[in-house]
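# Remarks on the overall topology
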Amino acid sequence: MEVLGVKGFVLLFFCLWIPNEVVAIIGNSTVSSRPTVVKIGALFTVDSVIGRSAQQGIKTAIDDVNANKTILPGIKMDVIFHDTNCSGFIGTVEALQLMENEVIATIGPQSSGIAHIIAHVANELHVPLLSFGATDPTLSSLQFPYFVRTTHSDYFQMYAIADIVDFCRWRQVIAIYVDDDYGRNGISILGDALAKKRGKISYKAALSPGATKNDISILLNSVNLMESRVFVVHVNPDYGLNVFSIAKNLGMMTSGYVWIATDWLPSKLDSMDPVDTNTLKLLQGVVALRHHTPDTNLKKSFFSRLKNVNGTATTSFNSYALYAYDSVWLAAYALDAFLKEGGNISFSSDPKLIDTKGSMLHLSSLRVFNGGPDFLPTLLRVNFTGLSGQIQFNGDKNLIRPSYDILNIGESGFRRVGYWSNYSGLSVLAPEILYKRPPNSSISNQKLFNVLWPGETIATPRGWVFPNNGKPLRIAVPYRISYLEFLSKDKNPPGVRGYCIDVFEAAINLLPYPVPRQYILFGDGKRNPDYSQLVNQVALKNFDAAVGDVTIVPNRTRILDFTQPFMESGLVVVVPVKEIKSSPWAFLKPFTAQMWCVTGAFFLFVGAVVWILEHRHNPEFRGPPKKQIMTIFWFTFSTMFFSHSMCATDSHSYTLNFLQIV
């Protein structure tokens with residue numbers, strides 16, 4: 001009896017404890033209907049431009065969610081940080097370790113390269129990835145259903161750059177990019193966007209993720225020999241400034257050059273407190289894009305709070321702090337709705353993850369979020385206004401209303417020269433204002449303020465030069481033995497002289513850019529060359545052009561284009577001239593005889609019609625047949641030279657109307 005009493009007491013205690021904390025172990029599955037603590041993961045590079053801002057944004061968001069009594073009541077949200085150390089391998093290992101902690105979602109990863117790997121893990125374990133920094137456009141594909149981007153894809157940023165290039169009437173750009181998933185896929189989208197604007201990427205200059213200054217110098221020296229002077233820089237923010245530093249040493253930050261940087265550059269500068277004068281001088285004239293976030297009091301208060309936090313690694317933060325903050329709130333709102341709809345938080349082992357015999361990886365410790373397939377749609381349905389703007393997803397899992405600030409960097413700091421949005425394109429008005437109006441992306445509506453380009457000039461650079469390593473134009477010159485005043489060989493440069501050469505050189509000098517050229521004599525100098533053969537050689541691309549007294553004849557115009565003649569040939573044509581005497585019948589010459597016959601017949605027809613209508617009532621059309629015929633002819637003749645202003649009677653006014661119509 002005593003033993004039974006002890007067992008009964010234990011059983012009673014267990015039954016009383018169950019309602020407060022339901023934990024059922026069924027096989028290898030852990031279930032909790034209303035947990036007191038939920039865990040989310042955070043996966044990014046802590047010691048990086050983006051990571052330092054994101055870390056403080058995540059910590060602040062966790063504190064705000066836990067302090068808010070209206071969302072997740074009775075539940076504490078906890079975050080587990082893992083540092084990827086800018087390494088794809090370490091990032092993968094850290095992600096696997098994170099998944100052992102039964103997290104319902106992961107804030108991150110920051111890197112697009114790591115995201116491509118971790119997204120496969122997320123698909124298997126049903127744990128959504130809320131990435132605030134992976135902007136590779138290909139991550140939005142159907143291959144990665146559990147990847148949810150909480151910032152804007154580079155797809156939109158590249159279309160913004162294409163609109164800027166088209167606005168400035170450039171047609172070719174050189175892309176300088178980091179050769180990883182982030183760089184390659186972003187530049188690929190830029191090529192597609194430029195093609196729609198009839199532009200193209202003339203050269204793709206790739207840098208390794210760990211490029212040294214020597215690597216950058218070699219690459220910039222090679223692209224500086226090319227034709228295009230418009231450079232789009234899409235690299236990592238941690239070493240991106242080295243590109244501009246080396247470019248300045250090579251003389252590539254002067255007048256005539258154009259530098260467009262993606263959002264990595266403003267993110268880098270926003271994290272520097274303050275930006276030193278030397279850096280601003282280095283970047284003078286650069287145009288950069290930054291994620292547009294509305295200037296609200298809530299955002300200003302948030303940044304003020306971050307600067308006052310003790311122990312922070314920096315006092316300045318970029319826009320990624322806002323996106324990281326909103327990512328935590330997105331998870332909180334979605335989890336609150338998920339639990340209210342009857343969702344359960346449970347984890348189980350994946351039967352596919354069986355440890356290999358002798359393996360030390362312990363893959364069986366990875367836990368599958370059973371509620372992931374139901375939690376994911378809840379995430380995509382969330383709609384709220386965050387620090388970065390409206391948090392709402394479209395059918396492609398992209399945030400709605402992507403927009404960017406277009407910045408012009410000068411020695412005194414940033415200057416906003418406009419905005420870009422997929423709603424209305426380039427504009428000097430903020431997107432928040434344009435959203436209240438009908439969309440208008442017409443060419444006439446594209447506007448930007450004046451840009452101060454490198455070299456402190458406001459004139460839009462031409463964007464190209466003749467390449468230093470390019471081939472000069474091969475100009476054919478007839479090697480004549482007569483009329484040497486027009487063309488002849490010369491011992492001095494450029495090797496030919498004459499009136500035709502002087503005219504051509506004068507035209508070349510009027511161009512606003514240099515044209516390298518080489519004159520090549522055509523002929524042996526013993527007799528005048530065959531001009532038809534010369535024309536054929538130009539048509540066959542053996543020469544780029546020809547300068548000389550080449551006669552324009554129909555057969556030659558079919559295969560070549562000629563300029564307007566600038567000198568007379570001196571040839572005249574003599575033809576006999578016959579004097580033509582005037583004739584009193586000259587007035588008949590404008591019309592042919594057939595036309596005069598038709599005109600006469602028409603007037604006789606009109607006279608006959610008038611006689612039929614009038615002879616019964618009008619006495620002027622009566623009498624002997626001879627008189628009536630004379631009246632018809634007279635009336636017909638008079639209509640050619642007189643204007644009839646009235647009729648015989650009002651009752652026959654239709655006669656006048658008929659004649660006037662005729």
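Residues numbered from 1 in each chain as written. Predicted model: local features only at pLDDT ≥ 70, side-chain atom pairs only at ≥ 80, totals over all residues. Heavy atoms only, no water.

On to the overall build of the chain. On a plain count of helices and strands, the chain comes out with 20 helices and 24 strands. Out of the 662 residues belonging to the chain, those deemed buried represent 44%. A separation of at least 24 residues holds for 67% of the contacts in the chain among residues at least 6 apart in sequence. Accessible surface, the chain: about 35,600 Å² in total, of which carbon and sulfur atoms supply 58%. (Helix = DSSP H or I, 4+ residues; strand = E, 2+ residues; numbered from the N terminus. Buried < 20%, exposed > 50% of the residue type's maximum accessible area, 1.4 Å probe, protein only. Contact = heavy atoms within 4.5 Å. Areas by Shrake-Rupley, 256 points an atom, 1.4 Å probe, with all protein chains shown as cover.)

Right, let's get into the layout of surface pockets. Reported here for the largest pocket is a volume of approximately 1,000 Å³. Within the residue set of the lining of the largest pocket, elements represented by two or more residues are helix H15 (499-509), helix H16 (531-539) and strand E24 (545-546). For the lining of the largest pocket, the per-class residue count stands at 21 nonpolar, five polar and five charged. (1 Å grid on protein atoms, 1.4 Å probe; cavity = no way out; pocket = protein on both sides within 12 Å on 5 of 7 lines; lining within 4 Å. Points joined across faces, edges and corners; volume = space filled by probe spheres on them. Nonpolar A, V, L, I, M, F, W, Y, C, P; charged D, E, K, R; others polar.)

Before going further, it helps to examine the packing of helix H2 (residues 49-67) against helix H12 (residues 320-340). Packed helices, taken two at a time, are described by the angle between their axes plus the distance between the axes. Packing of H2 against H12 brings their axes to within 7 Å, and their N-to-C directions diverge by 35°. In this structure, the crossing between H2 and H12 has a hand that is right-handed. Every residue of H12 that contacts H2 at Ile50, Ser53, Ala54, Gly57, Ile58, Thr60, Ala61, Ile62, Asp64 and Val65 is listed here: Tyr320, Ala321, Ala324, Tyr325, Val328, Trp329 and Ala332. When the residues that make up the contact of H2 with H12 are grouped by side-chain class, the tally is 13 nonpolar, three polar and one charged. (Axes fitted to C-alpha atoms, helices over the stretch in contact; angles between N-to-C directions. Left-handed = near helix turned anticlockwise from the far one by under 90°.)

This paragraph deals with the sheet that holds strand E23 (residues 517-522). Sheets are built from strands that pair by backbone hydrogen bonding, the pairs being arranged parallel or antiparallel. Ordered by their spatial adjacency, three strands build an open sheet running E23-E20-E24, and the pairing between neighbours is parallel. Each end of this open sheet is capped by a strand with a single partner; those strands are E23 and E24. Judged from the six bridges that link them, strand E20 (residues 473-478) and E23 form a sheet pairing that is parallel. Bridge assignment links Leu473 to a residue of E23, and that residue is Arg517. (Pairing = 2+ DSSP bridges.)

Moving on, we get to the sheet that holds strand E19 (residues 425-427). If you trace the eight strands from one edge of the open sheet to the other, you get E9-E8-E10-E11-E12-E17-E18-E19, paired in mixed fashion. The open sheet has two edge strands, strand E9 (200-207) and E19, and neither has a second partner. Neighbouring strand axes in the sheet, compared pairwise and without regard to direction, differ in orientation by 25° on average. Across the sheet, helix H8 (residues 241-249) is in contact with E9, strand E10 (230-234) and strand E11 (258-261); its angle to E11 comes to roughly 175°.

This paragraph deals with the packing of aromatic side chains. According to the stated counting rule, one finds 26 aromatic pairs in the structure shown. Both rings, one in Phe231 and one in Trp259, keep their centres 4.6 Å apart while their planes meet at 25°; by these two values the pair is stacked. Here the residue Phe231 occupies a position in strand E10, and Trp259 occupies one in strand E11, the gap between them amounting to 28 residues. Residue classification places Phe231 among the buried residues on the basis of a relative accessible area of 0%. With a relative accessible area of 0%, Trp259 lands in the buried category. Centroid distance Tyr404 to Trp420: 6.3 Å. Interplanar angle 45°. Geometry classified as tilted. A residue pair is termed long-range when its members are at least 10 positions apart, and Tyr404 in strand E17 (residues 403-410) and Trp420 in strand E18 (residues 413-421) qualify at 16 residues. Across the pair, Trp420 and Tyr404 agree in class, each one buried. (Phe/Tyr/Trp six-rings, centres within 6.5 Å; stacked < 30°, edge-to-face > 60°.)

Our focus in this paragraph is the pairing of strand E13 (residues 345-349). Extensive coverage of E13 is indicated by the burial of four of its five residues. Pairing analysis gives three bridges linking E13 to strand E14 (residues 367-369), with the strands arranged antiparallel. Directly across from Phe347, in E14, lies its bridge partner Phe369.

Further remarks concern unusual backbone geometry. Residue Pro109 follows Gly108 across a cis peptide bond; omega there is 0°. Its place among the elements puts Pro109 in the loop between strand E5 (106-107) and helix H4 (112-125). Between Pro493 and the following residue, Pro494, the backbone shows a cis peptide bond with an omega angle of 10°. Note on placement: Pro494 falls in the loop between strand E21 (488-489) and strand E22 (496-497).

Taken as a whole, H15 has its buried residues at Cys500, Ile501, Glu505 and Ile508. Down the axis of H15, the buried set is contained in an arc of 125°. They therefore lie on one face. Against E20, E22 and E23 lie the buried residues of H15. (Arc of directions from axis to C-beta.)

With that settled, the discussion passes to the nonpolar core. Ranked by size, the top nonpolar core spans 75 residues in total, and within it Ile58 and Phe132 carry the most contacts. For Ile58, the residues in contact, after removing those within four places along its chain, are Ala42, Phe44, Val79, Phe81, Ile107, Phe132, Ala324 and Val328. Core analysis: the next-biggest nonpolar cluster, separate from the first, contains 34 residues, Val243, Trp259, Ala261 and Val286 among them. (Core = buried A, V, L, I, M, F, W, Y, C linked by side-chain atoms within 4.5 Å.)

Next up on the list: the pattern of salt bridges. Under the definition given, this model contains 16 salt bridges. Asp179 is the partner of Arg184 in a salt bridge, and the nearest nitrogen-oxygen pair spans 3.0 Å. One salt-bridge network, held together by shared partners, links Asp270, Arg290, Asp405 and Arg416. (Salt bridge = Lys/Arg side-chain N within 4 Å of Asp/Glu carboxyl O.)

Bridge count for strand E8 (residues 172-178) against E9 is seven bridges, and the pairing is parallel. Residue pairing in the sheet places Ala175 in a bridge with Lys204 of E9. With helix H6 (residues 181-196) bridging E8 and the parallel E9, this β-α-β connection has right-handed handedness. (Right-handed = clockwise from strand over helix to strand, strands pointing away.)

Nonpolar side chains collect at one region of the surface, where Trp585, Phe587, Phe591, Met595 and Trp596 lie side by side and expose about 550 Å² of accessible area between them. Tracing the backbone shows Phe587 in the loop between helix H17 (554-557) and helix H18 (593-614). (Patch = residues over 30% accessible without salt bridge, like charges linked within 9 Å, V, L, I, M, F, W, Y side chains within 5 Å.)

Averaged over all residues, the pLDDT of the chain is 85; the fraction at 70 or higher stands at 88%. Within the model, pLDDT remains below 50 along residues 1-28, and this stretch shows eleven contacts once partners closer than five positions in the same chain are excluded. Contacts of residues 645-662 to residues separated by more than four positions or lying in other chains number 20 contacts, the stretch itself having pLDDT below 50. (pLDDT = per-residue confidence, 0-100.)

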